[in-house]
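Coordinate analysis (summary)
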Amino acid sequence: MNEVEVVAQLVSKARDAQAVANTYDQLQVDRVCAAAAWAIMEPARNRSLAELAVRETGLGNVADKIQKNYRKTLGLVRDLHGVKSVGVIAENAETGITEIARSVGVVGAITPSTNPGATPANMIINAMKGRNAIILAPSPKGYSTAALLLQYVYAEFDRIGAPHDLVQLLPSPVSKASTYELLRQVDLVVATGSQANIHAAYSSGTPAFGVGAGNVAVIVDASADVSAAAERIVRSKIFDNATSCSSENSIVVVESVYPAMISAMDAQGCVLLDDAQKAQLQAVMFPAGKLSPVVTAKSASEIASLAGIHRADNARVLMVNETGTGSDFPFSGEKLSPVLAVYRAPDFDAACQRVSDIYAF
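Worth saying up front: this structure is predicted, and the values here are computed from it rather than measured.

This part takes up the pattern of salt bridges. Tallied over the entire structure, the rule returns 11 salt bridges. For Glu156, the salt bridge goes to Arg159, with nearest N and O atoms at 3.0 Å. Here the residue Glu156 and the residue Arg159 both occupy positions in helix α6 (residues 143-160), the gap between them amounting to three residues, near one helical turn. Residue Glu156 is classed as buried on the basis of its relative accessible area, which comes to 7%. For Arg159, a relative accessible area of 63% gives the class exposed. Among the salt bridges present, the one from Arg235 reaches Glu231, with a minimum N-O distance of 2.8 Å. Residue Arg235 and its partner Glu231 are both found in helix α9 (residues 226-238); the two are separated by four residues, about one turn of the helix. By relative accessible area, which is 28% here, Glu231 ends up partly exposed. Each of Arg45, Glu156 and Arg159 takes part in one network of salt bridges that share partners.

A cis amide bond links Ser172 to the next residue, Pro173, at an omega of 0°. By the secondary structure assignment, Pro173 is in the loop between β5 (167-169) and α7 (176-185). Positive phi outside glycine occurs at Ala288, with the angle close to 60°. In this fold, Ala288 is placed in the loop between α11 (275-285) and α12 (300-307). Notably, Leu336 is not glycine yet its phi reads approximately 45°, a positive angle.

Bringing the nonpolar core into the picture now. The biggest cluster of nonpolar side chains holds 61 residues, and the ones touching the most others in it are Ile124, Met128, Ile134, Phe157, Leu166 and Val167. Sort the elements by how many residues they give to this core and helix α2 (residues 26-41) lands first, with nine residues. When sequence neighbours within four positions are dropped, the list of residues in contact with Ile124 reads Ala36, Ile134, Leu136, Leu149, Leu150, Val153 and Val167. Residues Ala217, Phe286, Ala304 and Ala341 belong to the second largest nonpolar core, which totals 26 residues.

Turning to helix α5 (residues 118-129), a few remarks are in order. In this model α5 runs 17 Å from its N-terminal to its C-terminal C-alpha over 12 residues, within 8% of the 16 Å that 1.5 Å per residue would give. Burial analysis of α5 places 11 of its 12 residues in the buried class, which makes it a mostly covered element. Every buried residue of α5 is accounted for by Ala118, Thr119, Pro120, Ala121, Asn122, Met123, Ile124, Ile125, Ala127, Met128 and Lys129.

What follows concerns the sheet that holds strand β12 (residues 339-345). Judged by pairing direction, the sheet is parallel, and its five strands sit side by side in the order β8-β9-β12-β11-β10 without closing on themselves. The open sheet is flanked by β8 (216-220) and β10 (270-272), the only strands paired with a single partner. The sheet shows a mean angle of 25° between the axes of neighbouring strands, direction not considered. Sheet strands touched by α9: β8, β9 (248-254), β10, β11 (317-321) and β12. Its angle to β9, the strand with the most contacts, is close to 165°. The strands touched by α11 within the sheet are β11 and β12, with β11 carrying the most contacts at an inclination of about 110°.

What follows is about the packing of α5 against α6. The contact between α5 and α6 brings their axes to 11 Å, and the two run at 35°. The crossing of α5 and α6 is right-handed. Facing Pro120, Ala121, Ile124 and Met128 of α5, the residues of α6 in contact are Leu149, Leu150, Val153 and Phe157. In terms of residue class, the contact of α5 with α6 is built from eight nonpolar, no polar and no charged.

Attention now goes to α2. With 16 residues, α2 extends 22 Å from end C-alpha to end C-alpha; this agrees with the ideal 22 Å at 1.5 Å per step. Residues Gln26, Val29, Val32, Cys33, Ala35, Ala36, Ala37, Ala39, Ile40 and Met41 constitute the buried set of α2. Tucked inside the fold, the buried residues of α2 contact α3 (43-57), α4 (62-80), α5 and α6. If you check the start of α2, you find a side-chain oxygen 3.2 Å away from the backbone N of Leu27, and it comes from Asp25.

What follows deals with the packing of aromatic side chains. Both the distance between ring centres and the angle between the ring planes are used here to describe each pair of aromatic rings. Counted according to the given criterion, the structure contains one aromatic pair. Here Phe286 and Phe331 contribute two aromatic rings whose centre-to-centre distance is 5.3 Å and whose plane-to-plane angle is 85°, an arrangement assigned as edge-to-face. In this pair, Phe286 sits in the loop between α11 and α12 while Phe331 sits in the loop between β11 and β12, placing the two residues 45 residues apart along the sequence. Take Phe331: its relative accessible area is 0%, and that puts it in the buried class. Here the basic side chain of Arg344 rests over the ring of Tyr258, its NZ or CZ set 3.7 Å away from the ring centre.

Reading guide: rules and limits
- Residues numbered from 1 in each chain as written.
- Predicted model: local features only at pLDDT ≥ 70, side-chain atom pairs only at ≥ 80, totals over all residues.
- Heavy atoms only, no water.
- Salt bridge = Lys/Arg side-chain N within 4 Å of Asp/Glu carboxyl O.
- Helix = DSSP H or I, 4+ residues; strand = E, 2+ residues; numbered from the N terminus.
- Buried < 20%, exposed > 50% of the residue type's maximum accessible area, 1.4 Å probe, protein only.
- Core = buried A, V, L, I, M, F, W, Y, C linked by side-chain atoms within 4.5 Å.
- Contact = heavy atoms within 4.5 Å.
- Expected span 1.5 Å × (residues − 1).
- Pairing = 2+ DSSP bridges.
- Axes fitted to C-alpha atoms, helices over the stretch in contact; angles between N-to-C directions.
- Left-handed = near helix turned anticlockwise from the far one by under 90°.
- Nonpolar A, V, L, I, M, F, W, Y, C, P; charged D, E, K, R; others polar.
- Polar contact = N/O pair within 3.5 Å; in protein donor to acceptor, adjacent residues only side chain to side chain.
- Phe/Tyr/Trp six-rings, centres within 6.5 Å; stacked < 30°, edge-to-face > 60°.
- Lys NZ or Arg CZ within 6 Å of the ring centre and 35° of its normal.

Printed below as a string of structure tokens:
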């Protein structure tokens, strides 16, 4: 069968399962969400998924993946707890408007290699909350993790009598052709990952929600407790080797606290590179101006070794001074690694403008 036929079969089965879910009351919906959550949060399964994800993708580390699988899922379940998603969900006596929830149908979800367990699990739970079926299109690197997650989901569905076909997976090997065909045939697309995938989602002709590059910038101003700021920035930056969209990519430091902040970062195991070392790092990280996958989610020490920067062999974070933004200044973009761009600003207003420039890029 070709991609069109393969996807059509999956979507047909998903529609049949979704028709069953469409009869669920709120309690049944919340039970399905809880079942999907427990599939990844149960400690033994969580560890198995985390270990497989790191072994399969070579990205991140097991301890942080375990935390991420648990805490992201717990946070989502907590946010959804008590939220109405079936039938009448709101009535406004003043306007006379009654809001009634309806399912979308079949959701197609593109998931990234950086979070091959937590992201699919959270997408599944969100889909279930709306009484939708979902078909996953995982990154090829993360396929085995997604497949194992589905085994755990099905085991939990069996306990509550929910149909397996509410959650499905494109067959391996996942190709661009099969992924893009999925986007065309489903009722809603949710996509996380590369800019190419996000562009494909929004160009598919299907309503889409996309989450692309993350490029968090932080201002450290004169009011900051620089020791606390440094500890928190580093803790966030090194978590799962910077695979999260919320991981800091740049710090913009107001001049009056710049020396103290750099000293505080040094105390946290960060190494500020000189110009020559920055050039070495840039050659490895951004060949031809684009971020190389060889550094994605690697530790700072591994990246330093790749770049031949031996004074940073034990670094927790590599820092580079940066002065501009845009394609001519690649460190101003997302780095998906424990590498941090450092900007100096004369005052808070200038720092705000710098952050605005980073986000515009």
